[in-house]
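Structural characterization, general
Below, each chain spelled out in residue letters.
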Amino acid sequence: MAGRINDEDVKAVRDAVPIDAVVSEYLQLRNAGGGNLKGLCPFHDEKSPSFQVSPSKGLFHCFGCQEGGDTLTFVMKVDHLTFSEAVERLAAKAGITLRYEEGGYNPSHQRGERIRLVEAHKAAAEFYTAQLESAEAEIGRKFLAERGFDQAAAAHFGVGYSPAGWDHLTRFLRGKGFTDKELTLSGLSQEGRRGPIDRFRGRLMWPIRDIGGEVVGFGARKLRDDDNGPKYLNTPETPIYKKSQVLYGIDLAKKEIAKSSRAVVVEGYTDVMACHLAGVPTAIATCGTAFGGDHIKILRRLLMDNGSARVIFTFDGDAAGQKAALRAFEDDQKFAAETYIAIAPDGMDPCDLRLAKGDSAVTDLVEPRTPLFEFALRQIVARYDLETPAGRAAALDEAAPVVARIKNTGAQHEVAVQLAGMLGILDTQFVVKRVAQLARWARERGGKGPAPQRGPQAVAQAAPTGPSGPALNLRNPVYATERELLKLALQRPELVSPAFDAYGVDEFTAAPYAAVRQAVLEAGGAEFGIQDPQEYLVRVRDAAPDDVVRAMVTELAVEAIMRRTVDEAYAGEQLVTVRLRAVDRRIRDVQGTFTRLSGSHGDPEQLTAVQNELWILQQYARALRERGAAAL
């Protein structure tokens, strides 16, 4: 195990890497008001964005699933890293050298497993790139040139070459300090009769990067006839590479996809290269597997599911390509984006099309032509004999559910009419009603329709008590004011300190809010938040007794304050309201005690003391009502 990372270095890493810059590598963020940003949560499926980021606080919080924390927490959760691995990754990004409490600086062999595997892949990518310049790699350079890719294109995409020998890369990585266990675990080497040998030999190599830009695997293309392996050989499943969860080119395309709300899905590495070079920088491809649900999750976070988002599939026009398109349509409803299919006239893929007809032909190809549902309908209808009533009925049975899944109800009706024409069914209304019935059944089963808008208030009202967050009805004015005061204490401590620090935990009637107040107290109070705002929030979160309270701290630190103009006057109103309610509660308690003692002829001295306390409380309450914050 590596030694504990120095606390000062951890703080330096937190301060050096802006949370919005890190989160933006995984999803699109938009302005949410109040200095916050919002996007689709990467930790649960949702239709409308409830995930918020506060750059000024260095925190994120999802009002849907209650996940939240700082930059390190986000990296840990999204990439399944340990705390030390997350710190090491962000430190590398910021150029910070870490110190360790035990054993000085961290030796390379002690680093987290994922970090080591990523480092091995980075070194391998550099090795393969350098080998592309070798004499042996002439066959690889020729392959690229024949497909319209020059040296600059190869360098841009990091294309390389794996030498044909048994263990060139293995020996190179051993020299870099990687162990045989790490090399086989990474998938870069495999066991031979006399030890590890290279997995990829004599092939053209494409580095496969995750959405954060780190190399996690390779795609290798056969070049020689005497190579008995498959045409394309990919990295096997490893701790850092899951083929169903990676998209080739996503690191290069993500910003343009988010900016244009458009993604183009092609079939191969050279197709991605051809599209990007032709002026279609939103092209991506799967890596040796069908386009599926996990790929959709990646794209949806970038597309933000707005009404104009489009996904265009460019499958080959052959039977396999048509089958792939229909398979993609099976997951169509997981998109809020409109989906289309584009097939070149001669069935060429984008790479061949660029060679034959130039860049403009590629850009024209991916202009949406045919909605994916329409393509699916044509494929279905073509399988039946429409000359017979039985054939038309069978085609309708298979096609009607496809039409019923169209998101836009107006378009659904229009396509149902078109379907009747395609099938040669004269009774158009019969087809329309059939489709509408199927759509209604789907809705009743909960299989269709966007999720309702969920903001902080809706979530707090609906959330069940338990790990997902406390059940608090914000329509209750007591809870609403307490919540607002805690938000001010976490977000704008300079407006409520030092008065807030004199408030007792019992002045907060909601148990989770009382726990947050206690955490603020243990973190040094709101006064400390004025001195060091980011460290203050870290301390408050660390002081929380459990994950539920910790999530509540993050939520309150990120949630927008309910007033457009947040100033001392507004903060004073919240301070006075919470304090006045606490005083009124105490008055009621003391009045009850006074009544009880008066009726039982109790100790006169005790009765006088209670009467004095009651008088003081009543005077304080009057002052708060008349003078406001000045009476605090």
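Residues numbered from 1 in each chain as written. Predicted model: local features only at pLDDT ≥ 70, side-chain atom pairs only at ≥ 80, totals over all residues. Heavy atoms only, no water.

For the rest of this paragraph, the subject is the sheet that holds strand β9 (residues 203-209). Spatial strand order, β6-β9-β10-β11: four strands in an open sheet with antiparallel pairing. Each edge of the open sheet is held by one strand with a lone partner, namely β6 (160-162) and β11 (232-234). The mean inter-strand angle of the sheet, taken between neighbouring strand axes irrespective of direction, is 35 degrees. Across three bridges, β6 lies against β9 in antiparallel orientation. Paired with Tyr 161 across the two strands is Leu 204, which belongs to β9. Each of β9 and β10 (215-222) is contacted by helix α6 (residues 138-146), which is oriented at about 70 degrees to β9, the strand it contacts most. (Pairing = 2+ DSSP bridges. Helix = DSSP H or I, 4+ residues; strand = E, 2+ residues; numbered from the N terminus. Axes fitted to C-alpha atoms, helices over the stretch in contact; angles between N-to-C directions. Contact = heavy atoms within 4.5 Å.)

Relative to strand β2 (residues 36-39), strand β1 (residues 30-33) runs antiparallel, the two sharing three bridges. Opposite Gly 33, over in β2, you have Asn 36 as the bridge partner. Where β1 hands over to β2, the hairpin turn is made up of two residues, of which Gly 34 adopts a positive phi near 65 degrees. One ladder, built from three bridges, connects β2 with strand β3 (residues 51-54); its direction is antiparallel. Along β3, the bridge assignment pairs Leu 37 with Val 53.

Within the open sheet, the five strands sit side by side as β1-β2-β3-β4-β5. Their pairing is antiparallel. Single-partner strands in this sheet number two, and they are β1 and β5 (68-70). Between one strand and the next, the sheet's axes are offset by a mean angle of 25 degrees, whatever the strand orientation. Relative to strand β4 (residues 59-62), β3 is paired through four bridges, and the arrangement is antiparallel. Considered in β4, the bridge of Ser 54 is made with Leu 59.

Here the protein averages 86 in pLDDT, and 90% of its residues register 70 or above. Low pLDDT, under 50, characterises residues 105-110; the predicted model gives this stretch eleven contacts beyond four residues in sequence or across chains. Throughout residues 447-471 the model reports pLDDT below 50, and contacts reaching past four residues in sequence, or to other chains, amount to 47 contacts. (pLDDT = per-residue confidence, 0-100.)

Moving on to helix α8 (residues 168-175). Three or more residues of α8 are buried, namely Leu 169, Thr 170 and Leu 173. The buried residues of α8 all sit within an arc of 100 degrees when viewed along its axis, so they share a single face. In the core, the buried residues of α8 are packed alongside α5 (113-131), α9 (180-186), β7 (189-192) and β8 (195-198). Phi for Gly 177, located one or two positions after α8, is positive at around 95 degrees. (Buried < 20%, exposed > 50% of the residue type's maximum accessible area, 1.4 Å probe, protein only. Arc of directions from axis to C-beta.)

Within this structure, the stated rule accounts for 33 salt bridges. With its nearest N and O atoms 2.9 Å apart, the salt bridge here joins Asp 359 to Arg 354. Notably, a salt bridge pairs Arg 550 with Asp 547, separated by 2.6 Å at the nearest N-O pair. Residue Arg 550 and its partner Asp 547 are both found in helix α26 (residues 547-558); the two are separated by three residues, about one turn of the helix. Since its relative accessible area comes to 22%, Arg 550 is described here as partly exposed. (Salt bridge = Lys/Arg side-chain N within 4 Å of Asp/Glu carboxyl O.)

If you walk through the whole model with that rule in mind, you get 16 aromatic pairs. Look at Phe 60 and Phe 74: their rings are 5.5 Å apart centre to centre, the planes differ by 80 degrees, and that puts the pair in the edge-to-face class. Of this pair, Phe 60 sits in strand β4 while Phe 74 sits in helix α3 (residues 71-79), and the two are 14 residues apart along the sequence. A residue is classified by how much of its surface remains accessible, and Phe 60, at 0% relative accessible area, is buried. (Phe/Tyr/Trp six-rings, centres within 6.5 Å; stacked < 30°, edge-to-face > 60°.)

Moving on, we get to the pairing of strand β15 (residues 338-341). Here is the key point about a regular strand: its side chains alternate between the two faces of the sheet. Of the strand pairs in this sheet, strand β14 (residues 310-313) and β15 are connected by four bridges, and their pairing is parallel. Along β15, the bridge assignment pairs Phe 313 with Ile 341. When β15 meets strand β16 (residues 370-371), the two strands line up antiparallel, connected through two bridges. What sits directly across from Ile 341, in β16, is Thr 370.

Structurally, the position occupied by Thr 235 is in the loop between β11 and α10 (250-260). A polar atom in the side chain of Thr 235 sits 2.7 Å from the backbone nitrogen of Phe 218. Those residues in contact with Thr 235 that sit more than four places away from it in its chain are Ser 186, Phe 200, Gly 217, Phe 218 and Tyr 241. (Polar contact = N/O pair within 3.5 Å; in protein donor to acceptor, adjacent residues only side chain to side chain.)

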